[in-house]
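Listed below are the residues making up each chain.
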Amino acid sequence: MGGCFSKPKPVEVKIEVVLPEKERAKEEMSPNGKASPLVYKVNGTARHYHLEEHPITINPYQNVKDVVEASVCHVKDLENGQMREVDLGCGKALLIKENGDYYAMGHKCPHYGAPLVKGVLSKGRVRCPWHGACFSIGTGDIEDFPGLDSLPKFQVKIEKEKVYIRASKQALLTQRRTKVMAKCISLSNYNISSTNVLIIGAGAAGLVCAETLRQEGFSDRIVMCTMDRHLPYDRPKLSKSMDSHLDQITLRPKEFFRTNDIEVLTETQVAAVDTKNKTAVFKDGFKMDYNKLLIATGNTPKALSCKGKEVENVFNIRTPEDANRVVKLASSKNAVIVGASFLGMEVAAYLTEKAHSVSVVELEEVPFMKFFGEKVGQALMKMFENNRVKFYMQTEVSELREQEGKLKEVVLKSGKVLRADVCVIGIGASPATGFLKQSGINMDSKGFIVVNKMMQTNIPGVFAAGDAVMFPLALRNNKKVNIPHWQMAHMHGRIAALNMLAHGMEINTVPYLWTAVFGKSIRYAGHGEGFDDVVFQGDLDELKFVAFYTKNEEVIAVASMNYDPIVSKVAEVMASGRVIRKRDVESVCCSKNSVLLVGDI
């Protein structure tokens, strides 16, 4: 690994970026653009619909008592490209000036409540500083993920050189807006064994697909099916906030699905898909015909293959019940985590205040070795060790020993024996696509579904999204990659839905992910697979740093800790199609009186 270190100083340095050789011939289609009239066959009957039949504009100020209007600043107080959080008395708004025009919308990201004023404003949208979600300043609509809701949009007017904002009190309080959705037409007339759209899987990809269809005016039947017993929930929280109850992490309440005519079949498993006859065969023998199919089944955790693997109190964290049970069993007891993955490390961090001891077993030399590299891995490992986590590296489990049927010890191949009352396995996962082997759907040697830029498989009408797919990543010259992360699953679902409606939309998002441990967050954007060097800014020992991952003299990914919003800034540069050169970040990072801030986005 390469790079150099310097203490950060408050000096801004702009990075020169290089435009790609070929600019795009035309702007991307707006995610909220209208499609041409389409024809779908439901139970053999052709049905036409136009998006104009489902207007999505509403008057936000129908109730005068719900309206507040206030003068928030002088016109000269804000320069072009600036944002300001302003108080309207009963709530706050984000005021923006771009190209001489003023805009106002919700000031908190609907995902986890990040202050958007600390985010990145670029070319008509604001990117969240925490997790990279993007919102149009013109409409408030969400344009990149994670999260399901958009922002409320407020009216701005200029009078006597003063800026006034008129807003709904309710919108100021909620700081979120759910897009208006189409209603299903004559749902009661449908044959129970036939649906227009079938979505297998109810994670982020499946839910966003269903919601996008309704937002775009789709008014035919949508059925989601899942092996889970619950409605879609925030799965990343299972390892970050393990005590969470289901009602705290559910993405949408039951009423939402009823109101928007999205049917969800829980504890239901699809055993096979007949793509020739467009039929899904369920495990209990029930068959359902479909017109369009989305496969978003995610992955299946890998299990240990050692002796004693069936002993009690050994878990993969897959459900809220798993997470809650682990916390209960670990309370004042001994916990062993096998695998220093994102999940494993998050679980280890969460249990340090609950358990008597926490141990991590890992084959690599340091945690996150392949993802963050050796130096970042060492810094994070030291932070964990300072919080009472014991590491057993470059070894693996040879046996799980039990006493009265329950886990008692974890035996390592190194010969070390660890006391253990509960064990969590985080050694990776495989795509949950075994049921597709006879379907004719193209999969690679590992079982990942291969899709194109529109999330289409090789079978007409069949789409795939989420953790189980290999898709072309524009950022890496359309290299086929698998990115099993929350933000990407959201975008996959949206792209799939738009192309079910023949929008011709290609995926062109920048991967963005995060992990949270001990009250600190690591942000990451790009795709660093195969990086050959790392250039650092800041101080790893103080856990205040930026790491640029480079390959062939170009920056392909960035990670940071305590350096917001640098990752969101870099993500915007990458999203624009520009290239950041290794030499640019090296010259900045080796200067003793510089702090890296990406400019000229």
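In case you missed it, the structure is sitting above this.
A. Inspection of the overall build of the protein at higher detail. Within the protein, the secondary structure is distributed over 12 helices and 41 strands. Relative to its 601 residues, the protein shows a buried fraction of 55%. In the form shown here, the protein has an accessible surface area of approximately 26700 Å², with 47% of it arising from carbon and sulfur atoms.

B. Broad picture of empty space enclosed by the protein. In the structure shown here, the tally under the stated rule is 1 cavity of 30 Å³ or more. By volume, the largest cavity amounts to about 90 Å³. For the lining of the largest cavity, the element with the highest residue contribution is helix α2 (residues 204-215), accounting for 4 residues.

C. The arrangement of the nonpolar core in detail. Counting residues in hydrophobic clusters, the biggest one holds 79 residues, and the most contacted among them are V126, L198, L213, L294, I295 and F471. The dominant element in this core, judged by the number of residues it contributes, is helix α10 (residues 486-500), at 9 residues. Leaving out residues up to four positions away in the same chain, L294 has contacts with L198, I199, I200, A205, G206, C209, F463, A464, A465, A496 and M500. Counting 53 residues, the second largest nonpolar core, distinct from the first, contains L238, I317, A349 and A355.

D. Molecular detail of a positive patch on the surface. A contiguous patch of positive charge on the surface is contributed by R325, K328, K333, K406, K408 and R419. Those elements that place two or more of their residues in the positive patch are α6 (320-330) and β27 (406-412). Here K328 is to be found in helix α6. Overall, K328 belongs to the exposed group, its relative accessible area being 64%.

E. Representation of unusual backbone geometry in the model. Here F145 and P146 are connected by a cis peptide whose omega angle stands at 25°. Residue position: P146 is located in the loop between β12 (142-144) and β13 (153-159). Each neighbour pair has its own omega, and for D564 with P565 the value is 5°, a cis peptide bond. A positive phi angle is found at N99, which is not glycine, with a value near 55°. Its relative accessible area of 67% is what places N99 among the exposed residues. Here the phi dihedral of K278 falls at roughly 55°; this positive angle occurs in a residue that is not glycine. Inspection of the secondary structure assignment puts K278 in the loop between β18 (270-274) and β19 (279-282).

F. A look at the state of the cysteines. The full count for this structure, using the stated rule, is 0 disulfides. Counting only cysteine sulfurs, C128 is the nearest neighbor of C109, a cysteine outside any disulfide, at a range of 4.0 Å. The class of C109 is buried, set by a relative accessible area of 4%.

G. Representation of the packing of aromatic side chains in the model. Tallying each qualifying case throughout the model produces 14 aromatic pairs. Seen in terms of ring centroids, F371 and F372 are 5.2 Å apart; in terms of plane orientation they differ by 90°. Their pairing is edge-to-face. By relative accessible area, F372 is classed as buried at 1%. Ring pairs connect the aromatic residues F342, F368, F371, F372, Y524, F531 and Y549, which therefore count as one cluster. The ring centre of F256 lies 4.5 Å from the NZ or CZ of R252, which sits over that ring. Positioned above the aromatic ring of Y392 is the side chain of K390, whose terminal nitrogen or guanidinium carbon lies 5.9 Å from the ring centre.

H. Region of the structure containing the environment of P152. Within the fold, P152 resides in the loop between β12 and β13. Looking at P152, the relative accessible area reads 4%, which means it is buried. Through-space distance from the C-alpha of P152 to that of K179 is 10.0 Å; in sequence the pair is 27 residues apart. Apart from residues no more than four positions distant in its own chain, P152 is found in contact with A104, M105, G106, A171, Q175, R176 and R177.

I. Seen up close, the side chain of T509. Note that T509 resides in the loop between α10 and β35 (512-517). Of the polar contacts made by the side chain of T509, one reaches the side chain of Q487; its length is 3.3 Å. Residues in contact with T509, not counting those within four places in the same chain, are D144, L473, Q487, M488 and M491.

J. Summary view of the pairing of β18. Where β18 meets β19, 4 bridges bridge the pair, whose relative direction is antiparallel. Residue pairing for β19: A272 is matched across the bridge by V281. Where β18 folds back on β19, the antiparallel hairpin that results is connected by 4 residues, among which K278 adopts a positive phi of roughly 55°.

K. View of the sheet that holds strand β31 (residues 449-450). Here 3 strands make up an open sheet; going across it, the order is β31-β33-β34 and the pairing mixed. In the strand order of this sheet, the two ends are held by β31 and β34 (479-481), each with one partner. Judged from the 2 bridges that link them, β31 and strand β33 (residues 469-473) form a sheet pairing that is parallel. Note on β33: the bridge partner recorded for V450 is M470.

Procedures and definitions
- Just so you know, the residues in each chain are numbered from 1, in the order the chain's sequence is written.
- Residues qualify for local features only when their pLDDT is at least 70, as the model is predicted, and side-chain atom pairs are given and counted only at 80 or more; totals for whole chains, interfaces and linings, by contrast, use all residues.
- The basis for the side-chain values is all heavy atoms of the structure; hydrogens and waters are excluded.
- Put simply, DSSP H or I for four residues or longer makes a helix, DSSP E for two residues or longer makes a strand, and each gets a number counted from the N terminus.
- Note on exposure labels: buried denotes an accessible area under 20% of the residue type's maximum, exposed denotes more than 50%, and partly exposed covers the range between, all computed with a 1.4 Å probe on protein chains only.
- Every accessible area reported is derived by Shrake-Rupley at a probe size of 1.4 Å, with residue values counting cover from the shown protein chains alone.
- The distinction between a cavity and a pocket rests on a 1 Å grid over the protein atoms alone: a 1.4 Å probe fits inside a cavity but cannot get out, while a pocket stays open yet meets protein on both sides within 12 Å along at least five of seven lines, and a residue with an atom within 4 Å of a point counts as lining.
- Grid points are joined across faces, edges and corners, and a volume is the space filled by probe spheres set on the points.
- Nonpolar core, defined: a set of buried Ala, Val, Leu, Ile, Met, Phe, Trp, Tyr and Cys residues in which side-chain atoms within 4.5 Å join the residues together.
- Contacts are residue-level and defined by heavy atoms, with any inter-residue pair within 4.5 Å sufficient.
- Patch membership requires more than 30% relative accessible area and the absence of a salt bridge. Residues of like charge join within 9 Å; the nonpolar side chains Val, Leu, Ile, Met, Phe, Trp and Tyr join within 5 Å.
- What counts as a salt bridge is simple: a side-chain nitrogen of Lys or Arg found within 4 Å of a carboxyl oxygen of Asp or Glu.
- In summary, the charge assignment counts Lys and Arg as positive and Asp and Glu as negative, without counting His or the chain termini.
- Where a charge lies is defined by one atom per residue type: Lys uses NZ, Arg uses CZ, Asp uses CG and Glu uses CD.
- Count a disulfide wherever a pair of cysteine sulfur atoms falls within 2.5 Å.
- Between rings of Phe, Tyr and Trp, where Trp is taken as its six-membered ring, a pair exists when centres lie within 6.5 Å; planes separated by under 30 degrees are stacked, by over 60 edge-to-face, and by other angles tilted.
- Criterion for a charge above a ring: Arg CZ or Lys NZ at most 6 Å from the ring centre, at most 35 degrees from the ring normal.
- For the purposes of these results, a polar contact is taken to be a pair of N or O atoms within 3.5 Å, where, inside protein, one atom must be able to donate a hydrogen and its partner to accept one; residues adjacent in sequence count only when each atom of the pair is a side-chain atom.
- Think of it this way: DSSP has to see at least two bridges between two strands before they count as a pair.

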